[in-house]
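Single-letter residue listing:
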Amino acid sequence: MPASWPRCARAGLVVARTLTLLTEHARPGVSTMELDDLAEQNIRDAGAVPSFKGYYGFPASICASINEQVVHGIPGRKQILADGDLISIDCGAILDGWHGDSAVTVEVGAVTGAERKLSAATRAAMLAGIAAIQPGARLTDISHAIETAVHHSEQADGRTYGIVPDYGGHGIGTSMHMEPFLPNYGKPGRGPRLRTGMALAVEPMLTLGGPDTDELPDGWTVVTSDGSRAAHWEHSVAVTDEGPWVLTDPVE
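Below is a summary of the structure that appears in this document. Quick caveat: nothing in here was measured; it's all calculated off a predicted structure.

**Things to note about the sheet that holds strand 9 (residues 199–202)**
1) Next: A sheet is described by the order of its strands in space; here five strands give the open sequence 8-7-9-14-15, paired in antiparallel fashion. At either end of the open sheet lies a strand with only one pairing partner, and these are strand 8 (178–182) and strand 15 (243–246). Pairwise comparison of adjacent strand axes, ignoring direction, gives a mean angle of 30 degrees for this sheet.
2) Next: Here strand 9 runs beside strand 14 (residues 235–240); their pairing, made up of four bridges, is antiparallel. Bridged to Leu200 within strand 14 is Val237.
3) Next: Sitting on the sheet, helix 4 (residues 139–157) touches strand 8 and strand 9, and the angle it makes with strand 8 is about 40 degrees.

**Here's the deal with unusual backbone geometry**
1) Next: Here Glu179 and Pro180 are connected by a cis peptide whose omega angle stands at 5 degrees.
2) Next: Here Pro180 lies in strand 8.
3) Next: The backbone phi angle of Tyr56 is positive, close to 50 degrees, even though this residue is not glycine.
4) Next: Secondary-structure assignment places Tyr56 in the loop between strand 1 (49–50) and strand 2 (62–66).
5) Next: At Asn67, a residue that is not glycine, the phi angle is positive and equals roughly 55 degrees.
6) Next: Tracing the sequence through the fold places Asn67 in the loop between strand 2 and strand 3 (69–71).

**Considering the pattern of salt bridges**
1) Next: Under the criterion given, the structure shown has six salt bridges.
2) Next: Put simply, Arg77 and Asp37 hold a salt bridge, and the shortest N to O gap is 2.8 Å. Taken together, the positions of Arg77 in the loop between strand 3 and strand 4 (86–95) and Asp37 in helix 2 (residues 32–45) put the pair 40 residues apart, joining distant regions of the chain.
3) Next: On the basis of relative accessible area, Asp37 is assigned to the partly exposed category, the value being 34%.
4) Next: A salt bridge links Arg116 to Glu107; the shortest N-O distance between them is 3.3 Å.

Cut-offs and rules
- Residues numbered from 1 in each chain as written.
- Predicted model: local features only at pLDDT ≥ 70, side-chain atom pairs only at ≥ 80, totals over all residues.
- Heavy atoms only, no water.
- Pairing = 2+ DSSP bridges.
- Helix = DSSP H or I, 4+ residues; strand = E, 2+ residues; numbered from the N terminus.
- Axes fitted to C-alpha atoms, helices over the stretch in contact; angles between N-to-C directions.
- Contact = heavy atoms within 4.5 Å.
- Salt bridge = Lys/Arg side-chain N within 4 Å of Asp/Glu carboxyl O.
- Buried < 20%, exposed > 50% of the residue type's maximum accessible area, 1.4 Å probe, protein only.

What follows is the structure, given as structure tokens:
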């Protein structure tokens, strides 16, 4: 086992526990800035540093993306969660120079069945991508597994989902975003071979409508072009001889 892995796992555990805490607190009447404050305090109490805060000028410790917001939503005091909202919370932490990065989609109160299925389909796609992480596999084997899982969910749910093309997974380690970029769709058998010691963030983003997105004037928040709701799930995963090791699993 490479010496870096225990440190990666400790950073990932900080992120996992923070997201567990935020999931419990994401309720109607809570502001997204309250969630951000809670995240930063929890990360710092663990001896880590929020990796998002100040990253290319990003002003917060988490990304809080509500409903039609896909990724990079900026938390705010006046942004209050309401019953029926779907919020994707993305969180990162640095511990001993190593990064953890993970995201969850949380149902606030009672959401529609379509939104619940959207989140479940996105999470299932992430898990399929993780299962494809094996030594000797190609990078786009992960992409293909994600896309295939999305199509299986579409058949089961009787609808289509938009796979957001412009954002995807990435390498992770001593930096939050490292090569290679990991698309969430594509043919298998392409890209670099996976080898023991690599770590990747697997993060599909799906919508209830089309795949196209726009960036808001704040320079960060990405929204669906058609106003449809979106979901985002992510784990940081190490390649081991025994298969994938989810570094951001909340269970040690």
